[in-house]
Amino acid sequence: MAKGIKVGSEVRVLRGKFSTQKGVVQASEGVGRARKWIVKLNGGVLERFSARTLELEQRHLITPPSTSIRAVSQEEEDSCSSNTSSDESSTSDNDEMREVDEDGASRRASDVSERRTNWDNQDTAAESNGDDDRVVLDGVEWRKMGDVTVELNGPAYQRKAALYHPLHERSTELDFWKMMMPADLMRNIIEATNLHTEMAQKPLDYEQLQHFFGILLAMTLASGGERRDMWKTESNGPFPAPALGRYMACHDFERILRNLKLCVYTDEELADDPWLPIRSAVDSFNRNRRGGISPGVTLCADESMGSWRGLAAKVDDAVVGLPHVTKIARKPEGVGTEYRTLSCGETKIMLQLEIQEGKVPMQGKEYAKDYGSGTSSLLRLTRYWSGSDRTVVADSAFASLKTAEALHKHRGLRFIGLVKTAHKRFPKAWLQKYPYTNRGDHCVLQANIDGRQYMAVGWNDKKLKMFISSTSRTTEALCPAYKKRFRQSTPEDRTSAPCVVFYKEVKRPAVVEAYFDNANAIDVHNHLRQGGLELERHWKTQTWWHRNFATIFGMCESDAYLAFRYFHPLAPILSHREFTERLSLQLLTYKSSFHDTGPSARLRKHMPVAPTEQPLQTVVAKIMSSHTLKTNMRECPVFQYKRQRLEQDE
């Protein structure tokens, strides 16, 4: 099957009664494997051929006639009359077919002819100076160029993603959970929750908090029912009873759940900042990712939703529900809290979160006045990776020429984005009017702004897609786009015949490949959290910050799974559910030690005051001086081994 056939290509017929004859492709009809090419042979005959019967003679395009495809010049008529007798006989045999197909072929070629006529006679508001390969928009000059064969603006950042935490072959799911769950967030939860009077008799400690998290994960593995059913000891049906009372009593779990708070704040502070109950958790999440992971070459920006169907209002300046509700119809969970998020395109791990607090509060954020909503959010999300020369990939909610310029100016980052509505100074109309011939064709325009190269790319997929980029190339990608298609194995019987799945290949430039290979990173993460874990559905609550904490908790669990799958040196092949089962069991059976972030109840009784009321350094010093810790160190195998070595040296 010949590849690269377009309208205007010179082709040679491989088989049939017109074998070895040459001609020019005039139009095409049908799609997919049913596509037929209408070829005007040298004798002036119009015939339909499938792609497998044609061979591409020359790869350069020959401009087809601007009038009807049946128009024949006088020279061609003279050449036709001087052909051999065999050619004359074949032509005369097809005269009747030519007359019958004349109107149909003209109609099939009308679309191509009309698009080329519009292209030749286009009348745009931009300055063109008679040059169809140049367009000027608000002082930005775009010129049509050939394929960009080298990396635009020089070689890009090349480095694989890495964790700052030490790993070894025996690292467990719990180790990755500790990496991804912010330690300062857990300290804040213990401190704020213990301030309630109901927690005075039995305060929350680090070990109980891990058991609490393990029960939350175990709830997502249950097949339904009430929350109290998780503590049943007798099985009901084929499934064994969870019997979570072995790890934590039901009344203890409910007591912690009722009093759970994420940080300490006053009523005055809450009146000034209604998002204060969840803001510290978001800040802790962002700091943890900044100090725990080095992302790869590409950063992906997108939106994530935290579902909420409860109250969303203020009464007498008191927050009685979610301060601001976002509604996005296209999202699976389209009502709730919207987060602008940034993730690593290589590992799909979430890196940064930003709450969308509403139109008025977001207008007061950094860069919002100068660049607007999408660009300013991207600048704030990428502040930790300034100057790293990484590539940011974003959809139409962020993408524009302004975004590409701002990322280079303020962050030293590259950009690839899909442009739809934010097309100021972008040659959208020019790319839309360009006469693409086949699916997979592309067109490239370049502009130089303050010594920086930018390119606008139009890719003719099923619908035209337009990209703005300050990096990558436009040569044909090594891996084409695969479009999943279905067809009946027996076309005559469409009711009982089985359906056959096949993949259609569509060529694409390298910059389009770089975009689509990384643009789905946050979508994959959202599917793991909302479609796999589903903690927001299993944890029923009327407290809005509990629901937002469930969202952040689900992100940490999904990140732990993604990190385990990508970074573990000997990671077994586990599904997300199997990982959750293992992690839940390890959290439920967790035992504290003095190496943990929060001291256990066994060590806490040797402290004169609660650990949250003193600086961390003071708490650690008191722990190290306790008699219990000295006893534990004497029983430690490492301590005994070092002691034996010292005795041998003496």
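Computed from a prediction, not measured in an experiment: that's the story for all the values here. (Residues numbered from 1 in each chain as written. Predicted model: local features only at pLDDT ≥ 70, side-chain atom pairs only at ≥ 80, totals over all residues. Heavy atoms only, no water.)

### So, the overall build of the protein chain
Here is the rule we go by: Every helix listed is a DSSP run of H or I at least four residues long, and every strand listed is a run of E at least two residues long, numbered separately from the N terminus. Each residue gets one of three labels from its accessible area relative to the maximum for its type: buried under 20%, exposed over 50%, partly exposed in between, using a 1.4 Å probe on protein chains only. For accessible areas, the Shrake-Rupley method is used with a probe of radius 1.4 Å. Any residue's cover is judged against the shown protein chains and nothing else.
From N to C terminus, the protein chain includes 23 helices and 22 strands. Taking all 650 residues of the protein chain together, the buried fraction comes to 47%. When the accessible surface of the protein chain is split by element, carbon and sulfur atoms take 49% of a total near 33,500 Å².

### As for unusual backbone geometry
A positive phi angle is found at alanine 243, which is not glycine, with a value near 50 degrees. Along the polypeptide, alanine 243 turns up in the loop between helix H6 (206-221) and helix H7 (250-259). The class of alanine 243 is buried, set by a relative accessible area of 15%. In this structure, serine 472 takes a positive phi of about 75 degrees despite not being glycine. You can see serine 472 is positioned in the loop between strand E20 (464-469) and strand E21 (481-488).

### As for the side chain of serine 294
The following threshold applies: N or O atoms within 3.5 Å of each other form a polar contact, as long as, within protein, one can give a hydrogen and the other can take it, and as long as residues adjacent in sequence are counted only when both atoms are side-chain atoms. Residue contacts are counted whenever heavy atoms from the two residues lie within 4.5 Å of one another.
When you line up the elements, serine 294 lands in strand E9 (residues 293-294). Note on serine 294: relative accessible area 11%, which makes it buried. Side chain to side chain, serine 294 and arginine 390 meet in a polar contact 3.5 Å long. Ignoring sequence-local partners within four residues, the contact set of serine 294 consists of Lys160, Ala161, Ala162, Tyr164 and Arg390.

### Things to note about the packing of aromatic side chains
The cut-off we apply is this: Under the pairing criterion, centres of Phe, Tyr and Trp rings, with the six-membered ring standing for Trp, must be within 6.5 Å; the plane angle then separates stacked pairs below 30 degrees from edge-to-face pairs above 60, leaving the rest tilted. Only when the NZ of Lys or the CZ of Arg is both within 6 Å of the ring centre and within 35 degrees of the ring normal is a charge said to sit over the ring.
Using the criterion set out here, one finds 25 aromatic pairs in the structure. Both rings, one in tryptophan 459 and one in phenylalanine 516, keep their centres 6.2 Å apart while their planes meet at 55 degrees; by these two values the pair is tilted. Separated by 57 residues along the polypeptide, tryptophan 459 in strand E19 (residues 452-460) and phenylalanine 516 in helix H15 (residues 510-518) bring together distant segments of the chain. Residue classification places phenylalanine 516 among the partly exposed residues on the basis of a relative accessible area of 33%. Cluster of aromatic residues (ring-pair linked, three or more members): Trp177, Phe212, Phe213, Trp231, Phe253, Trp539, Phe549 and Phe553. Cation over ring: arginine 289 sits above phenylalanine 285, and NZ or CZ is 4.1 Å from the ring centre.

### Examining the packing of helix H5 (residues 183-193) against H6
What counts here: Lines fitted to the C-alpha atoms define the axes, with helices restricted to the stretch that makes contact. Angles between their N-to-C directions range from 0 to 180 degrees. Angles below 35 degrees are treated as roughly parallel, those above 145 as roughly antiparallel, those between 65 and 115 as roughly perpendicular, and all remaining angles as oblique. Residues are grouped as follows: nonpolar covers Ala, Val, Leu, Ile, Met, Phe, Trp, Tyr, Cys and Pro; charged covers Asp, Glu, Lys and Arg; every other residue, Gly included, is treated as polar.
Where H5 contacts H6, the two axes come as close as 11 Å, and the packing angle between them is 105 degrees. As far as their axial angle goes, H6 and H5 are roughly perpendicular. Seen from H5, the contacting residues are Met186, Ile189 and Ile190; seen from H6, they are Tyr206, Leu209, Gln210 and Phe213. Taken together, the residues of the contact of H5 with H6 sort by class into 6 nonpolar, 1 polar and no charged.

### Some remarks on the side chain of threonine 53
Within the secondary structure, threonine 53 sits in the loop between strand E4 (46-49) and strand E5 (54-58). The residues contacting threonine 53, other than those within four sequence positions of it, are Arg12, Val13, Leu14 and Arg15.

### So, helix H4 (residues 173-180)
Burial analysis of H4 places 6 of its 8 residues in the buried class, the great majority of the element. Within H4, the full set of buried residues consists of Glu173, Leu174, Phe176, Trp177, Met179 and Met180.

### Some thoughts on the confidence of the model for the protein chain
Our working rule: One number per residue, pLDDT, summarises how confident the predictor is, and it ranges from 0 to 100.
Averaged over every residue, the pLDDT of the protein chain is 80; the share at 70 or more is 76%. Taken as a whole, residues 59-130 scores under 50 in pLDDT and shows 81 contacts with residues more than four places along the chain or in a different chain. For residues 597-639, every residue scores under 50 in pLDDT, and the model assigns this stretch 41 contacts once sequence neighbours within four places are set aside.

### A few points about a negative patch on the surface
Here is the rule we go by: Here, patches come from residues exposed beyond 30% relative accessible area and free of salt bridges, joined within 9 Å for like charges and within 5 Å for nonpolar side chains (Val, Leu, Ile, Met, Phe, Trp, Tyr). Any Lys or Arg side-chain nitrogen found within 4 Å of a carboxyl oxygen on Asp or Glu counts as a salt bridge. Asp and Glu are treated as the negative residues and Lys and Arg as the positive ones, with His and the ends of the chain left uncounted. Think of each charge as sitting on NZ of Lys, CZ of Arg, CG of Asp or CD of Glu.
Taken together, the side chains of Asp267, Glu268, Glu269 and Asp272 define an acidic patch exposed on the protein surface. Its location among the elements puts aspartate 267 in helix H8 (residues 267-272). Of the residues examined, aspartate 267 reaches a relative accessible area of 63% and is grouped as exposed.

### Remarks on the packing of H4 against helix H19 (residues 576-588)
Relative orientation of the contacting elements H4 and H19 amounts to 85 degrees, with a least axis distance of 9 Å. In terms of orientation, H4 lies roughly perpendicular with respect to H19. Only Phe579, Arg582, Leu583, Gln586 and Leu587 of H19 make contact with H4, whose side of the interface consists of Glu173, Leu174 and Trp177. Taken together, the residues of the contact of H4 with H19 break down into 5 nonpolar, 1 polar and 2 charged.

### Some points on the nonpolar core
Spelled out, the test is: Among buried residues, the Ala, Val, Leu, Ile, Met, Phe, Trp, Tyr and Cys ones that are joined through side-chain atoms within 4.5 Å form a nonpolar core.
Within the largest apolar cluster, 110 residues are counted, with the highest numbers of intra-cluster contacts made by Trp142, Phe212, Phe213 and Phe549. With 13 residues, the top contributor of residues to this core is helix H18 (residues 544-567). Not counting the four nearest positions on each side in its chain, phenylalanine 213 is found in contact with Trp177, Met181, Met186, Ile189, Phe549, Phe553 and Leu587. Of all hydrophobic cores here, the second largest spans 16 residues; its members include Leu152, Val393, Ala481 and Tyr515.

### Brief notes about the pattern of salt bridges
By the definition in use, this model includes 30 salt bridges. The residue arginine 508 makes a salt bridge to aspartate 517 at a minimum N-O spacing of 3.9 Å. Through salt bridges with shared partners, a single network forms among Asp273, Arg279, Glu357 and Lys365.

### Some words on the pairing of strand E14 (residues 335-344)
Rule in force here: Here, any two strands with at least 2 DSSP bridges between them count as paired.
Burial analysis of E14 places 10 of its 10 residues in the buried class, which makes it a mostly covered element. Direction of pairing for strand E10 (residues 298-307) relative to E14: antiparallel, over a ladder of 9 bridges. Residue pairing for E14: serine 307 is matched across the bridge by glycine 336. Inspection of the sheet shows strand E13 (residues 326-327) paired to E14 by 2 bridges, in the antiparallel sense. Looking at E14, one finds that threonine 326 is bridged to glycine 336. Where E14 and strand E15 (residues 350-355) come together, 5 bridges link them in antiparallel fashion. Note on E15: the bridge partner recorded for leucine 342 is glutamine 352. The hairpin formed by E14 and E15 contains 5 residues between the paired strands, and lysine 348 there has a positive phi angle of roughly 70 degrees.

### Looking at H5
Within H5, burial applies to Asp184, Leu185, Met186, Ile189, Ile190, Ala192 and Thr193. Considering only its buried residues, H5 is in contact with H6, H7, helix H9 (276-292) and H18.

### Here's the deal with the environment of glutamine 210
Within the secondary structure layout, glutamine 210 lies in helix H6. On a C-alpha basis, the gap between glutamine 210 and leucine 587 in space is 5.4 Å, while along the polypeptide they are 377 residues apart. Excluding residues that lie within four positions of it along the chain, glutamine 210 makes contacts with Trp177, Met186, Leu587 and Tyr590.

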